[in-house]
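# Secondary and tertiary structure notes
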Amino acid sequence: MKNMAPTEERVGIVVCAAYAEGRRIGDITLDEIPYALQREDSFVWLGLYEPDEALLAEVQARFGLHDLAVEDAHKAHQRPKMEIYGDSLFVVLRTARWDESAETAVYGETHVFVGRNYLVSVRHGASQTYRPARLGCERQPQLLAHGPSFALYTLMDFVVDNYFPVLSDYEDRLDDLETDIFAGGADRDSTQEIYELKRELVTFRRAVLPLIDVCTDLISLRVTHVPDAVRPYFRDVLDHLKRINDTLDTMREMLATVLQVSLALASVRQNEVTKALAGWAAILAVPTVIFGLYGMNFERMPELHWPFGYPLVVGATFAACGWLYRRLRRSGWL
Amino acid sequence: MKNMAPTEERVGIVVCAAYAEGRRIGDITLDEIPYALQREDSFVWLGLYEPDEALLAEVQARFGLHDLAVEDAHKAHQRPKMEIYGDSLFVVLRTARWDESAETAVYGETHVFVGRNYLVSVRHGASQTYRPARLGCERQPQLLAHGPSFALYTLMDFVVDNYFPVLSDYEDRLDDLETDIFAGGADRDSTQEIYELKRELVTFRRAVLPLIDVCTDLISLRVTHVPDAVRPYFRDVLDHLKRINDTLDTMREMLATVLQVSLALASVRQNEVTKALAGWAAILAVPTVIFGLYGMNFERMPELHWPFGYPLVVGATFAACGWLYRRLRRSGWL
Amino acid sequence: MKNMAPTEERVGIVVCAAYAEGRRIGDITLDEIPYALQREDSFVWLGLYEPDEALLAEVQARFGLHDLAVEDAHKAHQRPKMEIYGDSLFVVLRTARWDESAETAVYGETHVFVGRNYLVSVRHGASQTYRPARLGCERQPQLLAHGPSFALYTLMDFVVDNYFPVLSDYEDRLDDLETDIFAGGADRDSTQEIYELKRELVTFRRAVLPLIDVCTDLISLRVTHVPDAVRPYFRDVLDHLKRINDTLDTMREMLATVLQVSLALASVRQNEVTKALAGWAAILAVPTVIFGLYGMNFERMPELHWPFGYPLVVGATFAACGWLYRRLRRSGWL
Amino acid sequence: MKNMAPTEERVGIVVCAAYAEGRRIGDITLDEIPYALQREDSFVWLGLYEPDEALLAEVQARFGLHDLAVEDAHKAHQRPKMEIYGDSLFVVLRTARWDESAETAVYGETHVFVGRNYLVSVRHGASQTYRPARLGCERQPQLLAHGPSFALYTLMDFVVDNYFPVLSDYEDRLDDLETDIFAGGADRDSTQEIYELKRELVTFRRAVLPLIDVCTDLISLRVTHVPDAVRPYFRDVLDHLKRINDTLDTMREMLATVLQVSLALASVRQNEVTKALAGWAAILAVPTVIFGLYGMNFERMPELHWPFGYPLVVGATFAACGWLYRRLRRSGWL
Amino acid sequence: MKNMAPTEERVGIVVCAAYAEGRRIGDITLDEIPYALQREDSFVWLGLYEPDEALLAEVQARFGLHDLAVEDAHKAHQRPKMEIYGDSLFVVLRTARWDESAETAVYGETHVFVGRNYLVSVRHGASQTYRPARLGCERQPQLLAHGPSFALYTLMDFVVDNYFPVLSDYEDRLDDLETDIFAGGADRDSTQEIYELKRELVTFRRAVLPLIDVCTDLISLRVTHVPDAVRPYFRDVLDHLKRINDTLDTMREMLATVLQVSLALASVRQNEVTKALAGWAAILAVPTVIFGLYGMNFERMPELHWPFGYPLVVGATFAACGWLYRRLRRSGWL
Ligand SMILES: [Mg+2]
Ligand SMILES: [Mg+2]
Ligand SMILES: [Mg+2]
Ligand SMILES: [Mg+2]
Ligand SMILES: [Mg+2]
Ligand SMILES: [Mg+2]
Ligand SMILES: [Mg+2]
Ligand SMILES: [Mg+2]
Ligand SMILES: [Mg+2]
Ligand SMILES: [Mg+2]
Ligand SMILES: [Mg+2]
Ligand SMILES: [Mg+2]
Ligand SMILES: [Mg+2]
Ligand SMILES: [Mg+2]
Ligand SMILES: [Mg+2]
Ligand SMILES: [Mg+2]
Ligand SMILES: [Mg+2]
Ligand SMILES: [Mg+2]
Ligand SMILES: [Mg+2]
Ligand SMILES: [Mg+2]
Ligand SMILES: [Mg+2]
Ligand SMILES: [Mg+2]
Ligand SMILES: [Mg+2]
Ligand SMILES: [Mg+2]
Ligand SMILES: [Mg+2]
Ligand SMILES: [Mg+2]
Ligand SMILES: [Mg+2]
Ligand SMILES: [Mg+2]
Ligand SMILES: [Mg+2]
Ligand SMILES: [Mg+2]
Ligand SMILES: [Mg+2]
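Residues numbered from 1 in each chain as written. Chains lettered and ligands numbered in written order. Predicted model: local features only at pLDDT ≥ 70, side-chain atom pairs only at ≥ 80, totals over all residues. Heavy atoms only, no water.

## Description of the pattern of salt bridges
Across all of its chains, the model carries 110 salt bridges over all chains by this definition. The salt bridge partner of C:Arg199 is D:Asp175, with a shortest N-O separation of 4.0 Å. On the criterion of chain membership, the pair formed by C:Arg199 in helix H8 (residues 188–219) and D:Asp175 in helix H7 (residues 163–184) is interchain, its members lying in two chains. Given the relative accessible area of 28%, C:Arg199 is considered partly exposed. Given the relative accessible area of 34%, D:Asp175 is considered partly exposed. (Salt bridge = Lys/Arg side-chain N within 4 Å of Asp/Glu carboxyl O. Helix = DSSP H or I, 4+ residues; strand = E, 2+ residues; numbered from the N terminus. Buried < 20%, exposed > 50% of the residue type's maximum accessible area, 1.4 Å probe, protein only.)

## Details of the side chain of A:His240
By secondary structure assignment, the location of A:His240 is in helix H9 (residues 231–293). Leave out the neighbours within four places in its chain, and A:His240 touches A:Asp157, A:Val160, A:Asp161 and A:Phe164. (Contact = heavy atoms within 4.5 Å.)

## What about the nonpolar core?
Counting 473 residues, the largest nonpolar core has A:Tyr163, B:Tyr163, C:Tyr163, D:Tyr163, E:Tyr163 and E:Phe204 as its most contacted members. One finds A:Tyr294, B:Leu293, B:Met301 and D:Phe298 within the second-largest nonpolar core, a separate group that totals 55 residues. (Core = buried A, V, L, I, M, F, W, Y, C linked by side-chain atoms within 4.5 Å.)

## Things to note about empty space enclosed by the protein
Left-over empty space is what a probe sized like a water molecule reveals as it rolls over the atoms. Residues and elements named next belong to chain B. With the rule as written, the count across this model stands at ten cavities of 30 Å³ or more. Reported here for the largest cavity is a volume of approximately 80 Å³. Contributing elements (two or more residues each) for the lining of the largest cavity: strand E1 (13–20), strand E3 (42–49) and strand E7 (118–125). With three residues, the single largest contributor to the lining of the largest cavity is E3. By residue class, the composition of the lining of the largest cavity is six nonpolar, three polar and two charged. (1 Å grid on protein atoms, 1.4 Å probe; cavity = no way out; pocket = protein on both sides within 12 Å on 5 of 7 lines; lining within 4 Å. Points joined across faces, edges and corners; volume = space filled by probe spheres on them. Nonpolar A, V, L, I, M, F, W, Y, C, P; charged D, E, K, R; others polar.)

## A closer look at the sheet that holds strand E6 (residues 104–114) of chain E
Residue and element names in this part refer to chain E. With respect to topology, seven strands assemble into an open sheet ordered E2-E1-E3-E7-E6-E5-E4, the strand pairing being mixed. Of all the strands in the sheet, just strand E2 (23–27) and strand E4 (81–85) have a single pairing partner and so form its edges. Geometrically, the sheet is characterised by an average inter-axis angle of 20 degrees between neighbouring strands, direction not taken into account. Against the sheet, helix H2 (residues 53–63) contacts strand E1 (13–20), strand E3 (42–49) and strand E7 (118–125), and its axis sits at roughly 165 degrees relative to E3. Strands E1, E2 and E3 of the sheet are contacted by helix H4 (residues 131–138), whose axis makes an angle of about 10 degrees with E1. (Pairing = 2+ DSSP bridges. Axes fitted to C-alpha atoms, helices over the stretch in contact; angles between N-to-C directions.)

## Comments concerning the relation of the copies chain D and chain C
In screw terms, the move from chain D to chain C is a rotation of 72 degrees and a rise of 0.1 Å along the axis, fitting with an RMSD of 0.1 Å. Seen this way, the second copy is the image of the first under a five-fold rotation axis. Taking C-alpha positions as the reference, the residue of chain D nearest the rotation axis is D:Gly295, at 4.7 Å. (Least-squares fit on C-alpha atoms with pLDDT ≥ 70 in both.)

## Quick word on the interface of chain D and chain C
Listed by partner, the interface residues are 49 residues for chain D and 49 residues for chain C. Carbon and sulfur atoms make up 60% of the area that chain D and chain C hide from each other, which totals about 4,600 Å². Inspection of the chain D/chain C interface yields eight salt bridges. In this structure, D:Asp246 and C:Arg79 form a salt bridge, with 2.6 Å as the shortest nitrogen-oxygen distance. For the side of chain D that touches chain C, the secondary structure elements donating two or more residues are H7 and helix H9 (231–293) of chain D. Examining the composition of the side of chain D that touches chain C, we find that 34 residues originate from one element, H9(D), more than from any other. The class makeup of the residues in the side of chain D that touches chain C is 22 nonpolar, twelve polar and 15 charged. (Buried area = accessible area lost by both parts, 1.4 Å probe.)

## Describing a nonpolar patch on the surface
Residues and elements named next belong to chain A. Together, Trp306, Phe308 and Leu312 give the surface a local cluster of nonpolar side chains, amounting to about 370 Å² of exposed area. Relative to the helices and strands, tryptophan 306 resides in the loop between H9 and helix H10 (309–330). In this structure tryptophan 306 comes out as partly exposed when scored by relative accessible area, which is 47%. (Patch = residues over 30% accessible without salt bridge, like charges linked within 9 Å, V, L, I, M, F, W, Y side chains within 5 Å. Areas by Shrake-Rupley, 256 points an atom, 1.4 Å probe, with all protein chains shown as cover.)

## Side note on the domain arrangement of chain A
Taken domain by domain, chain A consists of domain 1 (1–137) and domain 2 (266–330). Between the C-alpha centres of domain 1 of chain A and domain 2 of chain A there is a distance of 83 Å. (Domains from an automatic or database assignment.)

## Description of the packing of helix H6 (residues 148–161) of chain D against H9(D)
All names here are of chain D. Closest axis-to-axis distance for the H6/H9 pair is 10 Å, and the angle between their directions is 15 degrees. Comparing the axis directions of H6 and H9 gives the class roughly parallel. The chirality of how H6 crosses H9 is left-handed. Contact residues: Ser149, Phe150, Leu152, Tyr153, Met156, Asp157, Val160 and Asp161 in H6; Tyr233, Phe234, Val237, His240, Leu241 and Ile244 in H9. Of the residues in the contact of H6 with H9, the class split is ten nonpolar, two polar and two charged. (Parallel < 35°, antiparallel > 145°, perpendicular 65-115°, else oblique. Left-handed = near helix turned anticlockwise from the far one by under 90°.)

## Focus on the pairing of strand E6 (residues 104–114) of chain B
Residues and elements named next belong to chain B. Burial runs high along E6: ten of the eleven residues are buried. Sheet topology places strand E5 (residues 88–99) next to E6; eleven bridges connect them, and they run antiparallel. Its bridge partner lying in E6, threonine 95 is registered against glycine 108. Counted along the chain from E5 to the antiparallel partner E6, the turn is four residues long, and its residue glutamate 103 has a positive phi close to 50 degrees. Between the end of E6 and the start of E7, which pair antiparallel, lie three residues.

## Considering the packing of aromatic side chains
Residue and element names in this part refer to chain B. Scanning the entire structure with this criterion turns up 80 aromatic pairs over all chains. Measuring from centroid to centroid gives 4.8 Å for tryptophan 98 and tyrosine 170, while their planes differ by 90 degrees, and the two rings are edge-to-face. Here tryptophan 98, found in strand E5, pairs with tyrosine 170, found in helix H7 (residues 163–184); they are 72 residues apart in sequence, far enough to count as distant. A relative accessible area of 1% places tyrosine 170 in the buried class. (Phe/Tyr/Trp six-rings, centres within 6.5 Å; stacked < 30°, edge-to-face > 60°.)

## Overview of the UniProt feature "transmembrane region" (unreviewed entry) in chain A
Mapped onto the present numbering, the UniProt feature "transmembrane region" (unreviewed entry) falls at residues 277–296 and 308–325 of chain A. Counted over residues 308–325 of chain A, helix gives 94% and strand 0%. Its end C-alpha atoms are 26 Å apart. (UniProt positions renumbered as here; feature names shortened; annotations may be inferred.)

## Points about the environment of C:Gly315
Along the chain, C:Gly315 falls in helix H10 (residues 309–330). Placed 266 residues apart in sequence, C:Gly315 and C:Tyr49 show a C-alpha to C-alpha distance of 86 Å.

## What to know about the side chain of D:Ser149
Within the element layout of this structure, D:Ser149 appears in helix H6. Apart from residues lying up to four places away in sequence, D:Ser149 is in contact with D:Val114, D:His225, D:Val226, D:Pro227, D:Val230 and D:Phe234.

## With respect to the confidence of the model for chain A
Low pLDDT means the predicted atomic positions in that stretch should not be read closely. Residue and element names in this part refer to chain A. Per-chain confidence: chain A averages 91 in pLDDT, with 97% of residues scoring 70 or above. Low pLDDT, under 50, characterises residues 1–7; the predicted model gives this stretch 17 contacts beyond four residues in sequence or across chains. Reported for the predicted complex are a pTM of 0.89 and an ipTM of 0.88. (pLDDT = per-residue confidence, 0-100.)

## Comments concerning unusual backbone geometry
Positive phi outside glycine occurs at C:Glu21, with the angle close to 50 degrees. With respect to the secondary-structure elements, C:Glu21 resides in the loop between strand E1 (13–20) and strand E2 (23–27).

Below, the structure is given as structure tokens:
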């Protein structure tokens, strides 16, 4: 492990490095892994991106990974979870990124194998590279000296920190929706937006919620793979997740209320429209009745022969309409 | 057990085979079962399809099954469950298959008795044969060597894998429903489809949900019938079930929202219709009033004698209607 | 206990018999109970129906029952429960029977005291006699040899089996309701039926749900009054209760959905009616306006003097109405 | 303690008596309490009603009560709870009484301190005197010999028994509400009554529900202040509370359903009214159109010159209206 | 520690004092802290307000605080929680204050570090000073002698006591809302107020609810940082929190009911309006039909030639209208 050769540029391998006492010794090839694993206090960090079956099989052989976990890492489309296989952990994370053009979240998936002296991450889909996270923890060798479980924390922290902007964008969409509904009333578009926001929040929540169980397990003493000094770091991730979950719960509840409120506003609007309809019908009934009255063909209708009968009747009719209009206006029907 | 005769072709028996060290030794008859059971490291796999009472009684005697479990296996119509009878397990599964013509799921039922050295499956109703599952695990003798509990895993995995296409078909129906409602609005048919989909999802959920408890129990150390090396396989089934359950939960929640959204859309539509009604009533009030006015029989109505009174009044009336129409149109009432 | 006299015919006592090694030795009087209780491996089965206070006090003294339990058995109107008083159990069951004429369930109540060597049942109200259950378990002496706890199972099994027809009748009522609502729409009667069915299901559920806890307790090792060999029988009762409870949960959920669906259907119907109203108003506006037009009294209205003015105008009016009718029909307003 | 003087008549003290072996020895003054407390097998029962701060401080000093508990007892407005302070218990109860004139429940509060050899009750607000309860348990010296915890049971039993008439009166109000809604339909008053009943049930439930936890704790072996022989008595109180809670749950659920049902009935009613409106509009359209037709001023309208034109047209019009009325009636629009 | 110098006036430091045996010895500087910490039975109380990073780093160094906790205290925007770091506690509280002008609650945040012999509080945002709380507990030296955990209780008690006026102001807003809705019916403003109150209650609840877990943990024996004599004080805070939470639950439930009730009232109102519309349409149909009748131009209409035909017909028409009006009035349509 002394003369470490530069990493071969192999498709699917993003990084393959050896660490000792929290410091990066250098990049290694897959073939050098067994030598790197022998040394006490050192560990190997292998990052893969959508590896093909052959590469995954080779990695499985090198680290002795369980068939079922490798199968999950290959097929992806898993829900977030942590599974213990003997002395190694298998963690599945869903990564989220906001797509500005579509105004929606896009999801990726990361699978992490953590052993006594290795961490293997397998990245799928629309996730960002973990390079910033890796560089960040290389700057804290005293913490990275705790081994692969601290590296796992680094990845989870990175994933969870990326949830916050997504959450914030969804909060903006809910705010817009509220403004729309209270300003303009509920219409087709706002109703459909309620539905779509609901569906996206449910999807987002399914990325976040299972991670709470994962963190709780990593903190608990039952999982002996995490040194005591690293546990508070996972508790910090848990704390972030709880804050996200609280916000999601609030949004769910407010969204349900928005839907009910939009129904109530539609009822209020319907009342207004029907009252306006009734009010105008009442006003128009006046000329209809009076004009009908003097359209009758009786022989003896004295008013018809009055010199000012016509302007008088028309004037009285409009006066009655005006009076009725003011009265209905005052009582809130118009 | 050396010279194993070919299985008798008995109605109700699908397969009766002996396995040793994970490999199939050969088919046996019911009478040979006691000999097969004697040998260490071997087990008997007996598959039945809707057996009559006599056959079931014979099987009960051969394996020493409990009265209550056999009664369940005979009557069927059980809910999924796992029960421990001393050193044997009794598992009830509901199988699901999509009926393309009826666009609905069809259910069957399977009862499995698992002892130290036997597995007896009893299949009822519309379920597929377990032959592919059996052949599949015969190709992995190193795993089948773990004994009947691995065979049980094979069956459960097969049953649960068959839930996915059903789930996916239900998701299609929900998608169609959404498209219908947002395109054309809520009508009688979509409302009834919401109700029927709800009912079918509840039924499907009752097949899936209890299996989560069954798998959780099989993984827990409390159940000593499963070797440690086989537990991860049941955990994998559990993982699939949780994914199905998550999707079902999401669909339930979205279906409830669809119902509320369709109410909201109906309110929006009602508002539109009432406004249209009111708007047209307002427009039609103009000629009604004016034509009524000049239908009056007053002696002195100067306009009646104007040469162009008639076209003027009619023209003014239609102009007023046109102006009103444009105004109502602009303010969104028409 | 050899020369057992025939039971005195006392009001309130249905049966009082001694059993040894699972076989009925014979009927005894209340006074003979102490002798019967002395013998090892034997137990006394006493069945009461609405006993008066004096009889209950005598029975209490004979078996040493606790004041609080006897008070419950006397007053009835308890919720189903199991209570442990030292080495005896006190179980309260609600029995249900379908009243065909009223199309509703009728409830009774049974209180059971179970000691090391006795079972006392106290029956109230509309419940069936337990004679068939008692005869049934007398036919299985090898099971009845397990003692009074197996007799208790027999009673509970009998009670729970009688829930199934009630459940099925409620399912029929729900089916009828669905048919009504989707065929004819929601009206007063169907709305009231939803309410009443809801209320009755809640009542039925209160009979069933607490029994699940009772059975769970009887199965648990915490309750030492039940021999291990009898526990699977109570688990079987529990299984039936869970199936009933599942069905009740489904019915509750569907009933809640029916209520929402009936609201949605009323909205759909309201839309249809308002659209029809608006459509016909539009059609009728045509002759109203045109006939009003030619009712005006202008001197110079050339059409009035055309020879075929009248039939032309009337014909044109009806043609316009016809055209409007077809257009509204096609666009779904009529 | 031999020559026990008659109790001083001090404001705030309802009773102060010493008990030995379950029998009342006599009334004592506050100053005599230390002597009474010395004697083995005896205890002091002190009943206070809205004591002033000075009296409460004196009592605190006599019995060595904890500051926090005394503060609660002084300020009142606590929620029901039980707290353990070393070897003494502090219990808070809410008492309920039905106010016939206001048709609503009125609440009071009682605070009970229970030590090894004393019980101090502090009563606030609209609660009844505990005299009947005290006299009742003085009639059962063999039970009262269990000490202050049995006296505590007596008080709690008295409080809980007084919940039943309140519950029953609320059930009557719900019944009245149902009758109103199904007979006359939902109006402003019934809607407001739903709201008020809901609010009162929530308040009542907050008095009852925490007591369930209190009783459960008093029964559990964790609380060593209650002798085994007294535990079944608290279990009996728990049983009453569970029955009350069940009924309250049912009422809550039915009240929620009533609210939804009243919405559904309003929709049904709205449909009926709109259909009636549309139906009458249709009928009235007939004479409007026909009379308008013959009001036109065409020169050549042959019908106008028929000798029986007028009665014929009027007759035909009314015949058409009649026919339309019957048709609409039959199809349910009128 | 004898000659304690007056505290330097440093920005961000509100108080820095040493306490021994529950009594304040005097103010100290940050540099004197190590000496103060050496003495047995003494502790340091340091109060900060929005400290800059440099000050916080210095404090961290003095007390050996964990990086993650200090990071939280610096960034604020945490949810209420308690975390254990070895032998020190880290508690996050949300403080609430009612803003009279905006009629809404304003929130601040406090972070508390509690060690064996120190308490450091970091205050952010709109919270009140803790000076009254500190002075209050300095008046009870026998309690403060329990050390920093009693000081922590003092702060939490102060924070929670300040929730009550906020809660009471929200209750006033709900009362106003109820009065509005039952007096004037549901309109746009009341619907929006329901929504806003809902949102603010959810926010308030998120300050309160997690504190219940914090208190429960502080009471439990699992947390060894709190002496037994101090636990009842945290239980008292818990009791206050439970009362607040109960009230919030009630308000949530009533607010949800208000929303439904406002929908029901809108339906009732809609029915009234539609019935009024239909009723007036019916009344106006009478003159419309009759006046239309006598507007027809038939040659032979005998009534037209009656001398009193005109007043007779007009009179009969108005009489019919009057009769109809009274009938509709009586049947509740007008
Ligand atoms: Mg949390
Ligand atoms: Mg949360
Ligand atoms: Mg949360
Ligand atoms: Mg939630
Ligand atoms: Mg929620
Ligand atoms: Mg919830
Ligand atoms: Mg899971
Ligand atoms: Mg799930
Ligand atoms: Mg799930
Ligand atoms: Mg669910
Ligand atoms: Mg759900
Ligand atoms: Mg959910
Ligand atoms: Mg079950
Ligand atoms: Mg169930
Ligand atoms: Mg269930
Ligand atoms: Mg349920
Ligand atoms: Mg339910
Ligand atoms: Mg359910
Ligand atoms: Mg529920
Ligand atoms: Mg209960
Ligand atoms: Mg309940
Ligand atoms: Mg309950
Ligand atoms: Mg409840
Ligand atoms: Mg409830
Ligand atoms: Mg519920
Ligand atoms: Mg509470
Ligand atoms: Mg609470
Ligand atoms: Mg609560
Ligand atoms: Mg709540
Ligand atoms: Mg709640
Ligand atoms: Mg709630």
